[in-house]
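Descriptive analysis of the structure
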Amino acid sequence: MNADDWLRAFAAELYQRRVGGDAARHVVAEAATHLREGGGDPWLVFGSPQAYAAAIVESIGTAPGPRPGPVRLHARGITKRYGRHVVLRDASLTVRAGQIAAVVGANGCGKSTFLRICAGLVSPDAGEVAVSGRLSYCPQQGGTADFLLPDEHFVLVGAGQGVPRGPARQAGRAAARNLGWDAEDAALARHLSGGTRQKLNLTMSTLTQPDVLLLDEPYQGFDQGSYVNLWDQLTRLRDEGRAIVVVTHLLNQLDRVDVVLDLTPAHQGGRS
Amino acid sequence: MDSDRRGQWLRGVLDLCVLALLRDGESYGYQLAQSLDAVGVGPIQGGTLYPVLLRLQRTGLVTAQWREGGSGPARKYYQLTDDGRAALRQGGNAWLAFVAPVTSIVTKGVDG
Amino acid sequence: MNRLVTVAEMTLRELARRRGVLLLLLLMPLTFWLIRRDSYVGQSVRALLLGISWAVSTAALFATSAARELEPRLRLAGYRPHHLYIGRMLGLWALGLAIAVPFFLLTVVDANNLRYGGIAVAMLCCVAVAAPFGMLIGALLPRELEGTLLLLTVVAMQMLLDPADAGAKLTPFWSSREIGTWAVDHTDDGYLTRGVLHGLVVTVLLIATVAGVFAVRLRRRRHLHQVPIA
């Protein structure tokens, strides 16, 4: 990890800890200046990005995070069988505006099915989902058109809401840049690497300004930097008041979420 | 010297050292670290120094200002405020009152 | 309107980039024509019409399969089902015309004593029917391979059945064969009328079925309730 990576990770950590915009920018800029003048390994000079961000938070306090808003997604009693195999039993989840929920659990415990039910793509055998506002869904794979350019994807998604081509392209490229991806000169979707295609997938789902964003393991094929950018972006969307549900099979310390639904059969029913 | 112990002492007194260094004029983080090292306090890492500066700024003992350096990058310059001057006087006296007896005891122990 | 045009445009862009597939698709009508052209012009026209039907319906099948995962997201992004299937159909019809025109010119240059207007109408029927027909198969069968095999069966059946047979009228491309006969053999106008009518009816039925399948597939599910934002 070089100095720039360290600074980026540090900025992401501050963001996660809800250190306000200007304050965070100044602290990062000061650290950057220090590293430029004194050189040295940021890990020795400042320690880990996490620890240093924690020290900063202790020194200056944080802006009070926006309070979770009204309920945006309420799934209750979701049960789904495939034949005699019960995939989901009475699963429930409530997510408010300004919250990130993680749906976790072992492989095959129905995480993706749960999300598809929330998105209205699959009908459950029992249970209901109430959604307020616009819904957007990012599938685990597929969801892009092999023979279209990223720009054309943006135009296609934009036209759904009556956004003209130029602005749709600009919005798409800007959203892609938030994930550290330059979509302007990109190739056809079929020639993109797995991780980049996933960024296209994600960009498409945030482009519609959704109130509820459903993401199915959105980081497949991501390197560490992209992963940091992703959580940076998700935190930003959360702070804008969106409700986000992320299906994931592992949670690490980067992923600060507000609600966890564990679908592993042992604790079926979930907690929140 | 046991660096853990030195770190503990420093934690208690670094803010006073910074205030004292700023008494003669404004300075910025990297320069403060170098001054501290030069007078023999030892190397101070950024990870220790900046949280202290931020705390001093938050409590109004110093103010800060971003300015372009003559040739180098923009730096955040810290200046002592009147409150800071008062805090330095008060805290400095308290520190001196504390180290004098400590020094005297320890000196006897070491010499004996 | 903008949504329809955008979907149509993207369908065309996608297909235009699948050049290899397109060339192979065009090869079939061309070889049909070339194989039959020395013996009997009627057979070669008939084979050409079937070849066009095959090419356009296969393209429709591919386009529909490729969009299977994308469509639910576009639905959430503000498209109604009819934007998606009509837009795609418009794109495919445009592609079909682009395929048909050179073949029409081929018949004009290469064969004599035909009712060329009839050839044109027969080709229009092929294109009109093939787009929704390929889309329907693409929507019902999950994989391209299965759909392609089914299309092949339909085309082969169409070629082998006696058009006078009552059952032959149930095949989707009967109209083009009937109009083709009128154009090549200078038969009475009943052939033309029956053919055009058949083409229209089949096209309308297929569009309605496609509409039904898409409406079901992209329906708002009952368990999902939309609560107005407070």
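1. Section: the overall build of chain C
- Helices and strands together make up the secondary structure of chain C, namely 9 helices and 1 strand.
- Each helix and strand of chain C, ordered N terminal to C terminal, gives the series α-α-α-α-α-α-α-α-α-β.
- In summary, chain C has a C-alpha radius of gyration of 19 Å against a globular reference of 17 Å for 230 residues, a match within 12%.
- Going through the 230 residues of chain C one by one, you find that 48% of them count as buried.
- Contacts in chain C between residues far apart in sequence, at least 24 positions, make up 76% of those at least 6 positions apart.

2. A word on the overall build of chain B
- Per the secondary structure count, chain B includes 4 helices and 3 strands.
- For the C-alpha atoms alone, the extent of chain B along its principal axes is close to 55 × 30 × 20 Å.
- Put simply, chain B has 112 residues, and 25% of those count as buried.
- Put simply, 50% of the contacts in chain B that link residues at least 6 apart link residues at least 24 apart.

3. What about helix H3 (residues 46-58) of chain B?
Residue and element names in this part refer to chain B.
- Taking 1.5 Å per residue, 13 residues should reach 18 Å; H3 reaches 18 Å between its end C-alpha atoms and fits that length.
- Those residues of H3 not exposed but buried are Gly 46, Gly 47, Leu 49, Tyr 50, Pro 51, Val 52, Leu 53, Leu 54 and Leu 56.
- Remark: Gly 60 follows H3 within two positions and exhibits a positive phi of approximately 80 degrees.

4. Regarding the pairing of strand E5 (residues 135-138) of chain A
All names here are of chain A.
- Along E5, one buried face is formed by Leu 135 and Tyr 137 and the opposite face, lined by Ser 136 and Cys 138, is buried too.
- As paired strands, E5 and strand E6 (residues 212-216) are joined by 4 bridges and run parallel to one another. Residue pairing across strands places Tyr 137 opposite Leu 214, the latter belonging to E6.

5. Describing unusual backbone geometry
- Positive phi outside glycine occurs at Gln 209 of chain A, with the angle close to 50 degrees.
- Considering the arrangement of structural elements, one finds Gln 209 of chain A in the loop between helix H8 (194-206) and E6.
- For Asn 113 of chain C, which is not glycine, the phi dihedral falls at a positive 60 degrees.
- Looking at the element boundaries, Asn 113 of chain C is found in the loop between helix H5 (81-110) and helix H6 (116-140).

6. Some thoughts on the sheet that holds strand E1 (residues 224-227) of chain C
- Strand order in this open sheet of 4 strands is E2(A)-E1(A)-E4(A)-E1(C), and the pairing throughout is mixed. The open sheet has two edge strands, strand E2 (85-96) of chain A together with E1 of chain C, and neither has a second partner. Sheet twist, expressed as the mean angle between neighbouring strand axes with direction ignored, is 15 degrees.
- Alignment of strand E1 (residues 71-82) of chain A against strand E4 (residues 126-132) of chain A, held across 5 bridges, turns out to be antiparallel. Its bridge partner being in E4 of chain A, His 74 of chain A is matched across the sheet by Ala 130 of chain A.
- Most of the contacts of helix H5 (residues 111-118) of chain A go to E1 of chain A, to which it runs at about 125 degrees, and overall it touches E1, E2 and E4 of chain A.

7. Here's the deal with the environment of Ala 97 of chain A
Residue and element names in this part refer to chain A.
- Looking at where Ala 97 falls in the secondary structure, it is placed in the loop between E2 and strand E3 (99-104).
- A residue is classified by how many C-beta atoms lie within 10 Å of it, and Ala 97, with 23 of them, is buried.
- Separated by 27 residues in sequence, Ala 97 and Pro 70 place their C-alpha atoms 5.8 Å apart.
- Setting aside its immediate chain neighbours within four residues, Ala 97 contacts Pro 68, Gly 69, Pro 70, Arg 72, Gly 241, Arg 242 and Ala 243.

8. Comments concerning the interface of chain B and chain A
- The interface of chain B with chain A comprises 14 residues on the first partner and 18 residues on the second.
- Among the elements that line the side of chain B that touches chain A, the one with the most residues is H3 of chain B, at 7 residues.
- Broken down by class, the residue content of the side of chain B that touches chain A amounts to 5 nonpolar, 5 polar and 4 charged.

9. Structural notes on the nonpolar core
- Membership of the largest hydrophobic core comes to 170 residues, with the highest contact counts inside it found for Ala 101 and Val 245 of chain A together with Ile 52, Val 56 and Cys 126 of chain C.
- With 17 residues, H6 of chain C is the single largest residue contributor to this core.
- Discounting residues that sit within four places of it in the chain, Ala 101 of chain A has contacts with Leu 93, Val 95, Ile 244, Val 245, Val 257, Asp 258, Val 259 and Leu 261 of chain A.

10. Let's talk about the sheet that holds strand E3 (residues 74-80) of chain B
Residue and element names in this part refer to chain B.
- Strand order in the open sheet formed by 3 strands is E1-E3-E2, and the pairing between neighbours is antiparallel. Every other strand in the sheet has two partners, leaving strand E1 (27-28) and strand E2 (62-68) as the edge strands with one partner each.
- The sheet contact formed by E1 and E3 spans 2 bridges and is antiparallel. Bridge pairing links Ser 27 to Tyr 78 in E3.
- The strands touched by helix H1 (residues 3-22) are E1, E2 and E3; relative to E3, the strand with the most contacts, the crossing angle is about 95 degrees.

11. Here's the deal with the packing of helix H6 (residues 150-159) of chain A against helix H7 (residues 165-178) of chain A
All names here are of chain A.
- Here H6 crosses H7 at 120 degrees, and the two axes come no closer than 8 Å. On the basis of the axis angle, H6 is oblique to H7. As H6 runs across H7, the sense of the crossing is right-handed. Within the contact between the two elements, H6 uses Pro 150, Asp 151, Phe 154, Val 155 and Gly 158 and H7 uses Arg 165, Ala 168, Arg 169, Ala 171 and Gly 172.

12. Re the pairing of E2 of chain A
All names here are of chain A.
- As paired elements, E1 and E2 share 8 bridges and run antiparallel to each other. By the bridge assignment, Leu 73 is partnered in E2 with Val 95.
- Counted between consecutive antiparallel strands, the loop separating E1 from E2 contains 2 residues, among which Gly 83 sits at a positive phi close to 65 degrees.

13. As for the interface of chain C and chain A
- On the side of chain A, 35 residues touch chain C, which itself brings 29 residues to the contact.
- Contributing elements (two or more residues each) for the side of chain C that touches chain A: helix H1 (2-17), helix H4 (70-76) and E1 of chain C.
- Per-element tally for the side of chain C that touches chain A: the top contributor is H1 of chain C, with 7 residues.
- The residue makeup of the side of chain C that touches chain A, split by class, is 14 nonpolar, 6 polar and 9 charged.
- The pairing of E4 of chain A with E1 of chain C spans 4 bridges and is classified as parallel. Across the sheet, Val 131 of chain A pairs through a bridge with Gln 226 of chain C, a residue of E1 of chain C.

14. Points about helix H2 (residues 29-38) of chain B
- For H2 of chain B, every residue scored as buried is listed here: Gly 29, Leu 32 and Ala 33 of chain B. Down the axis of H2 of chain B, the buried set is contained in an arc of 100 degrees. They therefore lie on one face.

15. What to know about the confidence of the model for chain C
- Confidence in the prediction for chain C averages 90 pLDDT; 100% of positions are at 70 or higher.
- The ipTM value of the predicted complex is 0.90, and its pTM value is 0.72.

16. Focus: the confidence of the model for chain B
- Considering every residue of chain B, the mean pLDDT works out to 88; 94% of them sit at 70 or more.
- Mean pLDDT across the secondary structure elements of chain B bottoms out at E2 of chain B, with 85, and peaks at E1 of chain B, with 92.

17. With respect to the environment of Asp 185 of chain C
- Among the structural elements, Asp 185 of chain C can be located in helix H8 (residues 174-185).
- Between the C-alpha atoms of Asp 185 of chain C and Leu 197 of chain C, which are 12 residues apart in sequence, the distance is 19 Å.

Scoring rules and cut-offs
Residues numbered from 1 in each chain as written. Chains lettered and ligands numbered in written order. Predicted model: local features only at pLDDT ≥ 70, side-chain atom pairs only at ≥ 80, totals over all residues. Helix = DSSP H or I, 4+ residues; strand = E, 2+ residues; numbered from the N terminus. Rg over C-alpha atoms; globule rule 2.2 N^0.38 Å. Buried ≥ 20, exposed ≤ 12 C-beta atoms within 10 Å, placed from the backbone. Contact = placed C-beta atoms within 7 Å. Expected span 1.5 Å × (residues − 1). Pairing = 2+ DSSP bridges. Axes fitted to C-alpha atoms, helices over the stretch in contact; angles between N-to-C directions. Nonpolar A, V, L, I, M, F, W, Y, C, P; charged D, E, K, R; others polar. Core = buried A, V, L, I, M, F, W, Y, C linked by C-beta atoms within 7 Å. Parallel < 35°, antiparallel > 145°, perpendicular 65-115°, else oblique. Left-handed = near helix turned anticlockwise from the far one by under 90°. Arc of directions from axis to C-beta. pLDDT = per-residue confidence, 0-100.

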